[in-house]
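Listed here are the chains, written in short residue letters.
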Amino acid sequence: MGVYKFEGKEPVIGEGSYVFETATVVGDVTMGKECYVGPGAVVRGDYGTVRIGDGVAIEENVVIHARPGEITVIGNHVTIGHCAVIHNCTLKDYAVIGMGAVVSDYAEVGVWGVVGEGAVVRNKQQIPDRNICVGIPAKIIGQINDQYEEQWTKFKKIYNDLAANKYPNTLEKIG
Ligand SMILES: CC(C)(COP(=O)(O)OP(=O)(O)OC[C@H]1O[C@@H](n2cnc3c(N)ncnc32)[C@H](O)[C@@H]1OP(=O)(O)O)[C@@H](O)C(=O)NCCC(=O)NCCS
């Protein structure tokens, strides 16, 4: 794992979480149980703090950071799609952040809030619970329905299983 202590601050990684060997986790980072941190992802708690709940999927090449002395907070069962940037903001439980999206400083994505692929949630912008936003700057286009919640609950469980069972037990470096 690419997990680094920095100036005496050591990441705490919860039971059943899997940090890929080519991911980087630095400093004041707390991560709960059964989180997945994919190849190339960077979680930097060097001069700021990053708090991550249980069952969070941090897919490949995601960047998570916080401003000096400030904090990024990620709730439980949040999905952060490939290449997204999460900076000094709050993502509440079950949020889904689309591939390549940016969530900027002091923004907040509510419980089951959805950010579309490539969207920019601007500085201090609030996405209410269960709302879907897309575009640059992000605009709300509707709310999730029960079917969306059901489907994404399954996807989220797949990542928890990858982290807690499949990757640690079956991944084999062959080259
Ligand atoms: C964002 C999301 C909920 C939209 O799905 P949807 O509600 O079925 O939306 P639709 O495809 O019906 O599109 C609704 C409108 O939003 C627009 N839209 C959808 N996704 C968009 C995007 N990423 N950027 C800009 N506009 C978008 C559509 O063009 C459409 O506009 P129109 O009504 O003017 O024609 C869905 O694409 C999603 O879940 N994305 C996240 C996927 C992801 O990255 N997962 C993480 C990696 S596994």
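The coordinates are above.
Reading guide: rules and limits
Residues numbered from 1 in each chain as written. Predicted model: local features only at pLDDT ≥ 70, side-chain atom pairs only at ≥ 80, totals over all residues. Heavy atoms only, no water. Helix = DSSP H or I, 4+ residues; strand = E, 2+ residues; numbered from the N terminus. Rg over C-alpha atoms; globule rule 2.2 N^0.38 Å. Buried < 20%, exposed > 50% of the residue type's maximum accessible area, 1.4 Å probe, protein only. Contact = heavy atoms within 4.5 Å. Areas by Shrake-Rupley, 256 points an atom, 1.4 Å probe, with all protein chains shown as cover. Lys, Arg positive; Asp, Glu negative; His and termini not counted. Charge placed at Lys NZ, Arg CZ, Asp CG, Glu CD. Pairing = 2+ DSSP bridges. Near = heavy atom within 4 Å. Polar contact = N/O pair within 3.5 Å; in protein donor to acceptor, adjacent residues only side chain to side chain. Disulfide = S-S within 2.5 Å. Expected span 1.5 Å × (residues − 1). Bend = angle between axes of the 7 residues up to and from the residue.

Undergrad: Can you help me understand the overall build of the chain in this one?
TA: Regarding its fold elements, the chain presents one helix and 20 strands. Computed over the C-alpha atoms, the radius of gyration of the chain is 15 Å, within 12% of the 16 Å expected from 2.2 N^0.38 for a compact globule of 175 residues. Principal-axis analysis of the C-alpha atoms places the extent of the chain at approximately 45 × 35 × 25 Å. Considering the chain as a whole, with its 175 residues, one finds that 44% of them fall into the buried category. Within the chain, counting contacts between residues at least 6 apart in sequence, those at least 24 apart form 11% of the total. Summed over its atoms, the accessible surface of the chain is roughly 8,500 Å², and 53% of this surface lies on carbon and sulfur atoms. The positive charge centre, built from 16 side chains, and the negative charge centre, built from 21, are 5 Å apart in the chain.

Undergrad: Please explain the pairing of strand β4 (residues 24-31) as it appears in this structure.
TA: It is a general feature of regular strands that their side chains alternate between the two faces of the sheet. Pairing analysis gives two bridges linking strand β1 (residues 3-4) to β4, with the strands arranged parallel. Across the sheet, V3 pairs through a bridge with V25, a residue of β4. In the sheet, strand β2 (residues 12-13) pairs with β4 via two bridges, with the strands oriented parallel. Bridge assignment links V12 to a residue of β4, and that residue is T30. Two strands pair when backbone bridges link them, and β4 and strand β6 (residues 42-52) are joined in this way by seven bridges, in the parallel orientation. Paired with T24 across the strands is V42, a residue of β6.

Undergrad: I'm lost on the site of the ligand in this one. Help?
TA: Taken together, E59, G81, G98, M99, V114, G116, E117, I132, V134, I141, Y148 and W152 are the residues near the ligand. Here E117 contributes a backbone N or O atom positioned 2.9 Å from a nitrogen atom of the ligand. At a separation of 2.8 Å, an oxygen atom of the ligand approaches a polar side-chain atom of Y148. Elements represented by at least two residues in the shell around the ligand include exactly β19 (131-134) and α1 (146-170).

Undergrad: What should I look at first to understand the state of the cysteines in this one?
TA: Simply put, disulfide is the name for a covalent bond between the sulfur atoms of two cysteines. In this structure the tally under the stated criterion is zero disulfides. Not engaged in a disulfide, the cysteine C35 finds its nearest cysteine sulfur in C89; these two sulfurs lie 16 Å apart. Take C35: its relative accessible area is 0%, and that puts it in the buried class. Sulfur of C133: no disulfide; nearest cysteine sulfur belongs to C89 and is 12 Å away.

Undergrad: Can you walk me through α1 in this structure?
TA: Side chains that are three or four residues apart share a direction in an α-helix, a result of its 3.6 residues per turn. The first and last C-alpha atoms of α1 sit 34 Å apart over 25 residues, in line with the 36 Å expected at 1.5 Å per residue. Its axis deflected by about 50° at L162, α1 carries its strongest bend there. Within the sequence span of α1, burial applies to W152, K156, Y159, N160 and A163. Between the side-chain oxygen of the N-cap and the backbone nitrogen of Q147 there are 3.2 Å, and the N-cap of α1 in question is N145.

Undergrad: What is the right way to look at the environment of F155 in this model?
TA: Within the secondary structure, F155 is located in helix α1. With a relative accessible area of 34%, F155 lands in the partly exposed category.

Undergrad: Looking at this structure, I do not really get unusual backbone geometry. What am I missing?
TA: Cis peptide bonds are those with omega within 30 degrees of zero, and the linkage from I136 to P137 qualifies with -10°. Mapped onto the secondary structure, P137 falls in the loop between β19 and β20 (139-143). In the Ramachandran plot, R130 falls in the positive-phi region, its phi being about 65° despite a non-glycine side chain. Looking at the element boundaries, R130 is found in the loop between β18 (126-127) and β19.

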